[in-house]
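# Fold and geometry: a report
So you can see what is in the structure, the chains are spelled out below.
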Amino acid sequence: MKQQALTLLIIFSFNASYGQQRNFSLGTQKGGIGFGNFETYSGIRLFLFDKNFKVSNGVNLGLYSEGATSNGLTFSLIQNLDNKLNGVSINLLGGENLKANGIVISALGQVSYNFKGFGFGGLSFCGDTLSGLLISPIGMTWWNSNRIKKITGLTIGGICGADTKKMNGVLS
């Protein structure tokens, strides 16, 4: 176990030292098990800070992700800012996406401008159009003067409820 952890640490260090366009793949440059930043990749990707990728299919594990389209499972220790998510996204701090379909869980908060699926935000879950099962212990609200345009589905808004212009469904 210690040897495996040391191997991963060395690979992550290589990634941080030589820039984000450096990568190493067990497989091809398009798929397999990849370490670092790939423009397009299918399989398992491990990275520290991943920026400017176009498409990622499979499992993504890292600290920070910011790219175009992520399909599959994405686990970010800090934040996930991928433009489009399809699948499952788990963020220990938070996330922001233009479009998300599937399951999104963020410990602090989540902003998904167009969301469909199951969403959980620790402090808040917000966006423009939200559809599905949405849960936040504090509430479905922006922390500024904006309001959510439309929520469709079951919303559990905790303390603050849901600050929305239009609600279709159940608010508890």
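Residues numbered from 1 in each chain as written. Predicted model: local features only at pLDDT ≥ 70, side-chain atom pairs only at ≥ 80, totals over all residues. Heavy atoms only, no water.

## Considering the overall build of the chain
A tally of helices and strands in the chain yields one helix and twelve strands. Looking at the chain as a whole, 37% of its 172 residues are labelled buried. By sequence separation, contacts in the chain at least 24 residues apart represent 4% of the contacts at least 6 residues apart. Summing over all exposed atoms, the chain offers an accessible surface of approximately 8,600 Å²; the carbon and sulfur share of this is 65%. (Helix = DSSP H or I, 4+ residues; strand = E, 2+ residues; numbered from the N terminus. Buried < 20%, exposed > 50% of the residue type's maximum accessible area, 1.4 Å probe, protein only. Contact = heavy atoms within 4.5 Å. Areas by Shrake-Rupley, 256 points an atom, 1.4 Å probe, with all protein chains shown as cover.)

## Some points on the pattern of salt bridges
In the structure shown here, the tally under the stated rule is three salt bridges. One salt bridge in this structure joins Arg45 and Asp50, with 2.4 Å as the shortest N-O distance. Look at Arg45 and you get buried, because its relative accessible area is 1%. Measuring nitrogen to oxygen at the nearest pair gives 2.8 Å for the salt bridge that ties Asp163 to Arg147. Within this pair, whereas Asp163 is found in the loop between strand S11 (148-156) and strand S12 (164-171), its partner Arg147 is found in the loop between strand S10 (129-135) and S11, the two being separated by 16 residues in sequence. (Salt bridge = Lys/Arg side-chain N within 4 Å of Asp/Glu carboxyl O.)

## Some words on a nonpolar patch on the surface
Taken together, the side chains of Phe49, Leu77, Ile78, Leu92, Leu93, Leu108 and Leu123 present a nonpolar region at the surface, about 570 Å² in accessible area. Inspection of the secondary structure puts Phe49 in strand S3 (residues 40-51). A residue is classified by how much of its surface remains accessible, and Phe49, at 39% relative accessible area, is partly exposed. (Patch = residues over 30% accessible without salt bridge, like charges linked within 9 Å, V, L, I, M, F, W, Y side chains within 5 Å.)

## Considering the nonpolar core
Judged by nonpolar contacts, the single largest core of 14 residues is most densely connected at Phe115, Phe125, Leu130, Leu134, Met140, Ile148 and Ile151. Residue assignment for this core shows that the elements contributing at least two residues are strand S7 (94-106), strand S8 (109-121), strand S9 (124-126), S10 and S11. Every residue in contact with Met140, bar those within four places of it in the chain, is listed here: Phe125, Leu134, Ile135, Ile148, Ile151, Thr155, Ile156, Gly157, Gly161, Ala162 and Asp163. (Core = buried A, V, L, I, M, F, W, Y, C linked by side-chain atoms within 4.5 Å.)

## So, the environment of Phe47
In this fold, Phe47 is placed in strand S3. Once the C-alpha coordinates of Phe47 and Asn37 are considered, the two residues, ten residues apart in sequence, prove to be 6.7 Å apart.

## Here we look at the environment of Lys84
Following the sequence through the fold, Lys84 ends up in strand S6 (residues 84-91). Taking the C-alpha atoms as reference points, Lys84 and Asn101, separated by 17 residues in sequence, lie 8.2 Å from one another. Residues contacting Lys84, with those up to four places away along its chain left out, are Ala68, Thr69, Ser70 and Lys99.

## Observations concerning the pairing of S10
One ladder, built from seven bridges, connects S8 with S10; its direction is parallel. From the neighbouring strand, Phe115 faces S10, where its bridge partner is Leu130. Relative to S11, S10 is paired through seven bridges, and the arrangement is parallel. In the strand pairing of S11, Ile135 is matched with Ile156. (Pairing = 2+ DSSP bridges.)

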